[in-house]
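# Residue-level structural notes
Take a look at the letters that make up each chain.
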Amino acid sequence: MARAAIGVDLGGSHVMAAVVDEAGAITGREERDVIDRSPAAVVEALVAVVRTAIDGSKHDVGAIGIGSPGNIDPSTGTIRYSPNFGWENVPLGDRVKAAFPKFDVFVGNDARCATLGEYVHGIGQGTKDFALLTLGTGIGGGFVSNGVMAIGHQMGAGEFGHHQIRPDTGFVCGCGKTGCFEAQASGTGLMRHALRLAPSFPRSALLDVPREKLGSKAIRKAAQAGDQHGLAAFAAFCDDLALGLANVIAFVNPEIIALGGGVSSAGDFLLDRVRPLVEARTTMVPRGTTRIVRATLGNDAGAVGAATAAMRGGLIAQLPLVA
Ligand SMILES: [Zn+2]
C-alpha cells in the first residue's frame, strides 16, 4: 500500500484534512467550518475531519501534519501564541496525539508548511533558494535557503508580513504596529488603499458596492475592467507590494518568490506591474535575477506541506549541507 500522510489546514473559520501521498497529490479530503474557536471545540472538529480522512483512505497513513496559524513550538506541537484564535500555550499536538496514539503528529506554522509544500511539490521544485508569500487576509510567508527551510531561533523566520514598510503613513496592523507589509500589501491592504483613495473618486462605481461586500476581489476586478478608482488603489497596493518584495530579495536573495493567496489570482495583471517596481528598488543584488511568479498549489499548499513535513519528521526540506 502506498504511503501517505494526513495534512491539516487549520484556519480561523475552517479546518480541512487531506490525504496526501508521497508525490504530494491529494487523494481525499474532509472539511468542516469552525464556528467556536475555543481549543476544545477546534480540537474536536480537527480530530473529526482527520478521523474521517484516515477511515476513507486507501493509503497506508503513518503520520498527521497540522499547519496552524501562530507561533508554534514544533518539538511539542504547542501553539505558543495565535492571534487568529486568541490562543496562548494550547498543547494542540498533545491533544491530537491523544486521539491518534499510533500516529506521528507534527504541528507547524501554516505559512511555513505552505512554503514547504510549494518548495517540494509546487513552483519551488528544482531551486535551492525560494520564498513564498501568500497575499490573503494577511501575508503569510516562509523561505528556503540553500535547500533548507529557514525556521529561526524561535520559529519566527519568514514572518515577512510584519516588517514595517510605511511606519509613518501606513495602516494599523493587526499586530499593533503601523504600516506592516501585511497591512499594506495583503488583500485587506488592497481594500484599505481603495477606501483611503475614495475621496478622490466621488463618482466611483466601487462606492456603490455595499461596504461589507467591498473585498479585495471587487477592487481587483474593477481595476482589471479599467475603473479609475480600482486602478489607483491597485497602483498604490503594487507600490507597497514591490517595496516589501525588494526587501525580501535583500534579506533572502531567493531564485524565486512565489505569490499565492486571493490577490495573486490577478496573475499577469499583478505581476507585470510589480516586477519593474521591484527591479527599481533592488540595489545590492543583480536586478532581474529573482523570478516573481504565481504559486501553483493554491489553497492546498498548506495541507500538502503539513503532510510532507509529517512524512519527513518536520519542516526540514533537506539535511543541512556541511561546510
Ligand atoms: Zn504587523
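Looking at the assigned domains, one finds that the chain contains domain 1 (3-116) and domain 2 (123-296). For domain 1 and domain 2, the distance between their C-alpha centroids amounts to 27 Å. Contacts between the two partners involve 11 residues from domain 1, matched on the other side by 13 residues from domain 2. Secondary-structure elements contributing two or more residues to the side of domain 1 that touches domain 2 are strand S5 (71-73) and helix H3 (110-121). Among the elements that take part in the side of domain 1 that touches domain 2, H3 stands out by supplying six residues, more than any other.

Angle between the axes and distance between the axes are the two parameters that describe a pair of packed helices. It is the contact of H3 with helix H9 (residues 301-312), at a shortest axis distance of 6 Å, that shows an interaxial angle of 85°. By the criterion of interaxial angle, the relationship of H3 to H9 is roughly perpendicular. Residue-level contacts link Asp110, Cys113, Ala114, Thr115, Leu116, Gly117, Glu118, Val120 and His121 of H3 to Ala301, Gly302, Val304, Gly305, Ala306, Thr308 and Ala309 of H9.

Our focus in this paragraph is the packing of helix H1 (residues 39-56) against helix H2 (residues 92-99). In contact at an axis separation of 10 Å, H1 and H2 are set at 45° when each is read in the N-to-C sense. Between H1 and H2, the angle is such that the two are oblique. Along this stretch, H1 crosses H2, giving a crossing that reads as right-handed. Note on element contacts: H2 touches H1 through Leu92, Arg95, Val96 and Ala99, opposite Val43, Leu46 and Val47. Considering only residue class, the contact of H1 with H2 consists of six nonpolar, no polar and one charged.

This next bit is on the sheet that holds strand S13 (residues 291-294). Taken together, five strands build an open sheet; the order of strands is S11-S10-S9-S12-S13 and the sheet is mixed. The open sheet has two edge strands with one neighbour each: strand S11 (148-149) and S13. For strand S10 (residues 139-145) and S11, the ladder comprises two bridges, and the chain directions are antiparallel. Each residue of the ladder has a partner; that of Ser145, found in S11, is Val148. Along the sheet face, H3 touches strand S9 (130-135), S10, S11 and strand S12 (256-260) and points at about 50° away from the line of S10.

Once that is clear, we can look at the environment of Gly179. Residue placement: Gly179 occurs in the loop between S11 and helix H4 (181-185). Each C-alpha atom, one on Gly179 and one on Asp168, is 7.2 Å from the other, the two residues being 11 residues apart in sequence. In contact with Gly179, not counting residues within four places along its chain, are Gln164, Ile165, Arg166, Pro167, Thr169, Gly170, Phe171 and Gln184.

The rules behind each value
Residues numbered from 1 in each chain as written. Predicted model: local features only at pLDDT ≥ 70, side-chain atom pairs only at ≥ 80, totals over all residues. Domains from an automatic or database assignment. Contact = placed C-beta atoms within 7 Å. Helix = DSSP H or I, 4+ residues; strand = E, 2+ residues; numbered from the N terminus. Axes fitted to C-alpha atoms, helices over the stretch in contact; angles between N-to-C directions. Parallel < 35°, antiparallel > 145°, perpendicular 65-115°, else oblique. Left-handed = near helix turned anticlockwise from the far one by under 90°. Nonpolar A, V, L, I, M, F, W, Y, C, P; charged D, E, K, R; others polar. Pairing = 2+ DSSP bridges.

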